[in-house]
Amino acid sequence: MRKLFLAVAAAALVLAPVATTAQSPMVIKFSHVVANDTPKGKGALKFKELAEKYTDGKVKVEVYPNSTLYKDKEEIEALQLGSVHMLAPSTSKFAPLGVKEFEALDLPWLFKDEDTYANAMKGTIGKWLLQKLEAKGISGLAFWDNGFHMVSANRPLRKPSDFEGLKFRISGSKVADQYLRLAGAIPQIMAFSEVYQALQTGVVDGCENTASNYLTQKFHEVQKDITVSYHAHLQYAVIVNSKFWAGLPANIRGQLEKAMAEATDYTNSIARQENMDALAEIKKSGKTTLHYLTDDERKAWQTAMQPTYKWAKGRVGQEVLDFLAKELDVKMN
Ligand code: LMR
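One structure accompanies this document, and this report is about it. (Residues numbered from 1 in each chain as written. Predicted model: local features only at pLDDT ≥ 70, side-chain atom pairs only at ≥ 80, totals over all residues. Heavy atoms only, no water.)

## Side note on the sheet that holds strand β5 (residues 150-153)
Taken in spatial order, the six strands make up an open sheet running β7-β6-β8-β5-β9-β11, and their pairing is mixed. Each of the sheet's edge strands pairs with one partner strand only, and the pair in question is β7 (186-189) and β11 (289-291). Adjacent strand axes in the sheet meet at a mean angle of 25 degrees when their direction is disregarded. On the sheet, helix α10 (residues 250-285) packs against β5, β9 (225-227) and β11 and is oriented at approximately 130 degrees with respect to β11. (Pairing = 2+ DSSP bridges. Helix = DSSP H or I, 4+ residues; strand = E, 2+ residues; numbered from the N terminus. Axes fitted to C-alpha atoms, helices over the stretch in contact; angles between N-to-C directions. Contact = heavy atoms within 4.5 Å.)

## Notes on the packing of aromatic side chains
Here the structure, examined in full by the defined rule, presents 12 aromatic pairs. Centre to centre, the rings of F30 and F47 are 6.4 Å apart; their planes meet at 70 degrees, and the pair counts as edge-to-face. Of this pair, F30 sits in strand β1 (residues 26-31) while F47 is found in helix α2 (residues 39-54), placing the two residues 17 residues apart along the sequence. Each of the two residues, F30 as well as F47, counts as buried. Through successive ring pairs, a cluster of aromatic residues spans W109, F163, F168 and W301. In this arrangement the basic side chain of K46 is found over the ring face of Y266, its NZ or CZ atom lying 4.8 Å from the centre. (Phe/Tyr/Trp six-rings, centres within 6.5 Å; stacked < 30°, edge-to-face > 60°. Buried < 20%, exposed > 50% of the residue type's maximum accessible area, 1.4 Å probe, protein only. Lys NZ or Arg CZ within 6 Å of the ring centre and 35° of its normal.)

Spelled out as structure tokens, the structure:
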């Protein structure tokens, strides 16, 4: 029933003539699942500001943060149907579409640091990945950064064996499923909007995310121990419904592309600081204990999770792994 409703709404939306008169601006709905006060949240608001400015008010961007319009899984389906125009999901969310290559970006300790990540995504691998979405009726406009993941539970996670038996919320990546499983955890996919309550009530014992997401969702208030492990990276692809985007008047699309390019630079320039500030805020709150791995402890995690690389071949394919190995100058097994 819901599908049928979405399909009808979508058909109406995609087929609706683009109204660009001064009286009725064309509306672009931009939905996402995180808070406004995060790198992605701020990026969406920056895009709104610039898009409305550059199109002289011919376009109005409505930003829906915090899953107010759609939850994780629903939002991509809604975009394909045309019920929403723009999203910025974490890249692991494309696998259910059959586009699994993005999950390679979730490999543990793949990117040495933030600069390595940023340079890689600006290069050919970034374009190659976005291109994969075209066959699904989706156009990828940009990569937006968040940062590196931390992990948490109600016990210190310092050794791989500390994960043993813990139910761990993951956002959907099978690569994350694999590395947490190798550490002994029992991963479980769950929508972002449901994580706080699941942690609070013990439906799951732990999770992974960036500092800005922990702070704004208050995960740190229901997790006694957070390990600042920075074991994997969280990034987003800003995407639009291809048909909608291609159907825009060329001058409007051009202005929106300019707005997106600038909003992307802005988002990617603030992400690191936003996460550093969020981590400082979490620490100041006194509501959780932060743990930092020693070199030996980190090596033990890396050893435990290393088989993920070999396993990933069967999941994401050799091509993307070879591509990344070359771009990042790393070994993939
Ligand atoms: C998650 O589900 O944990 C993330 O994808 C949320 C987000 O978009 O940052």
